Amino acid sequence: MDGTRAGSLRYSVIIPAYNEGDLIGMCVGALVEQSVPREQYEVIVVDDASTDGTAAVAAGAGADRVLTIDHGGAAAARNAGLAAAAGELILFTDADCAPCHEWIERMTSPFVEPLVVGVKGTYRTRQPNLIARLVQLEFERRYERMAGLREIDFIDTYAAAYRRSVVIEEGGFATDYPVPSAEDVDLSFRLATRGHRMVFVPEAWVWHTHPASLLTYLRRKVRFGYWRALLYLRYPGKIGGDAHTDPALKLQFALVALGLSLGAVALVWQPAWIGALLCLAAFLSTTLPFVRWAWRRDRAVALAWPGVTLLRVALQGAGLAVGLVVHRAFRTT
């Protein structure tokens, strides 16, 4: 990039990528064709020591800069991109996302208000299979809640924008989350704790490839639960809730844990089955608001939701419990 263009840049888009050769071209291709004049922004791909030609594909698709770093995870890759970026505003997305044509324009428009330091966008998907549709509606339900808030405390980096100076001041992303999990939420919780204003822009969307199988979906939830434990140890005030998390989730965790405990007791004392079944019934009742909401949108998802949610809460809760034990034992900060 020549010095003349670097001096005129307003925005830098950063994409971390590890073995994303099949997807990074789609992402970069969408970013080089934005409604914002091309001379106003740069696209930086940070290749996290991929072995599948990710860097070459990104360069061929039109990325302005492709940085290659030692493998350190998504947080380290984003920090490397941040250090190299020249834009006043920094945008982040993921290699498996294809931003809409107006994405940069819509993501950056709230920054006309001087107090706004962060912006969150949304997911969309074209996938026809059931689990991907379920994931999309799960997000859309959360988006509906967030849309009514004047400001938020939760930004995930599939569609994120920040003032560069503020992120640098905060030290960037926490690199002790070695896999993509809660490192982006950690940053937004830090900013919220400092009193910074962040907002939600639902029309700033990216096409995304959601998990297509139940097993992949559940594995992801276990990982998120495990690393969310570290997040809650750092920000105990957020255990009570945030702008993104389903308010019913804490009650669901409690009902599943109690139901499983009573089920174990019932193996030696049969009357405990009554309590276990009551917990199951109470749990299923907590899924009914989503079922009613989803019924008008996708009846197959509405019917699958109670069973999938029971599995998700049980496994995510197990990941959270293990994470609390492990991270508390080894926690250094």
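Residues numbered from 1 in each chain as written. Predicted model: local features only at pLDDT ≥ 70, side-chain atom pairs only at ≥ 80, totals over all residues. Heavy atoms only, no water.

Of the two faces of strand β4 (residues 89-92), the one holding L89 and L91 and the one holding I90 and F92 are both buried throughout. Judged from the four bridges that link them, strand β1 (residues 11-17) and β4 form a sheet pairing that is parallel. Note that in β4 the partner of S12 across the bridge is I90. Inspection of the sheet shows β4 paired to strand β7 (residues 160-163) by four bridges, in the antiparallel sense. Paired with L89 across the two strands is R163, which belongs to β7. (Buried < 20%, exposed > 50% of the residue type's maximum accessible area, 1.4 Å probe, protein only. Helix = DSSP H or I, 4+ residues; strand = E, 2+ residues; numbered from the N terminus. Pairing = 2+ DSSP bridges.)

A few words on the side chain of R312. Structurally, R312 can be placed in helix α12 (residues 299-330). Among all residues touching R312, those that are not within four sequence positions of it are E138, Y217, L218, K221, L249, Q252, W305 and G317. (Contact = heavy atoms within 4.5 Å.)

Attention now moves to the pairing of strand β6 (residues 116-124). Judged by how many residues are buried, β6 sits mostly within the fold: eight of nine residues are covered. Bridge count for β6 against strand β8 (residues 197-208) is seven bridges, and the pairing is parallel. Counted as the bridge partner of V119 is V199 from β8.

Oppositely charged side chains can pair when the atoms bearing their charge come close. For the structure on display, the rule yields 18 salt bridges. Measuring nitrogen to oxygen at the nearest pair gives 2.9 Å for the salt bridge that ties E183 to R78. With E183 in helix α8 (residues 183-193) and R78 in helix α4 (residues 74-84), the pair connects residues that are 105 residues apart, well separated along the chain. Using a relative accessible area of 2% as the deciding quantity, one classes E183 as buried. The partner of E138 in a salt bridge is K221, and the shortest N-O contact between them spans 3.3 Å. (Salt bridge = Lys/Arg side-chain N within 4 Å of Asp/Glu carboxyl O.)

The next subject is the packing of helix α6 (residues 130-147) against helix α11 (residues 272-295). Contact pair α6 / α11: the axes reach a minimum separation of 11 Å and the direction vectors enclose 100°. With respect to α11, the element α6 is oriented roughly perpendicular. Residue-level inspection shows L137, E138, E140, R141 and E144 of α6 in contact with α11, the latter providing P289, F290, W293 and A294. Partitioned by chemical class, the residues of the contact of α6 with α11 number five nonpolar, no polar and four charged. (Axes fitted to C-alpha atoms, helices over the stretch in contact; angles between N-to-C directions. Parallel < 35°, antiparallel > 145°, perpendicular 65-115°, else oblique. Nonpolar A, V, L, I, M, F, W, Y, C, P; charged D, E, K, R; others polar.)

Moving on, we get to the packing of aromatic side chains. Here the structure, examined in full by the defined rule, presents 14 aromatic pairs. With centroids separated by 6.4 Å and ring planes inclined at 75°, the aromatic side chains of F154 and F189 adopt a geometry described as edge-to-face. Taken as a pair, F154 in the loop between α6 and β7 and F189 in helix α8 lie far apart in primary sequence, 35 residues in all. We note that F154, like F189, is buried. Through successive ring pairs, a cluster of aromatic residues spans Y123, F139, Y143, Y158 and F200. (Phe/Tyr/Trp six-rings, centres within 6.5 Å; stacked < 30°, edge-to-face > 60°.)

The next subject is the nonpolar core. Ranked by size, the top nonpolar core spans 77 residues in total, and within it I15, I24 and W103 carry the most contacts. When sequence neighbours within four positions are dropped, the list of residues in contact with I15 reads I24, C27, L31, V43, I44, V45, V46, T93, D94 and A95. Within the second largest apolar cluster, 10 residues are counted, among which are Y177, F189, L230 and Y235. (Core = buried A, V, L, I, M, F, W, Y, C linked by side-chain atoms within 4.5 Å.)

Right, let's talk about unusual backbone geometry for a bit. A positive phi angle is found at N19, which is not glycine, with a value near 50°. Looking at the secondary structure, you find N19 in the loop between β1 and α2 (24-31). Its relative accessible area of 30% is what places N19 among the partly exposed residues. The phi dihedral of A49 is positive, around 60°, even though this residue is not glycine. Within the secondary structure, A49 sits in the loop between β2 (41-47) and α3 (54-61).

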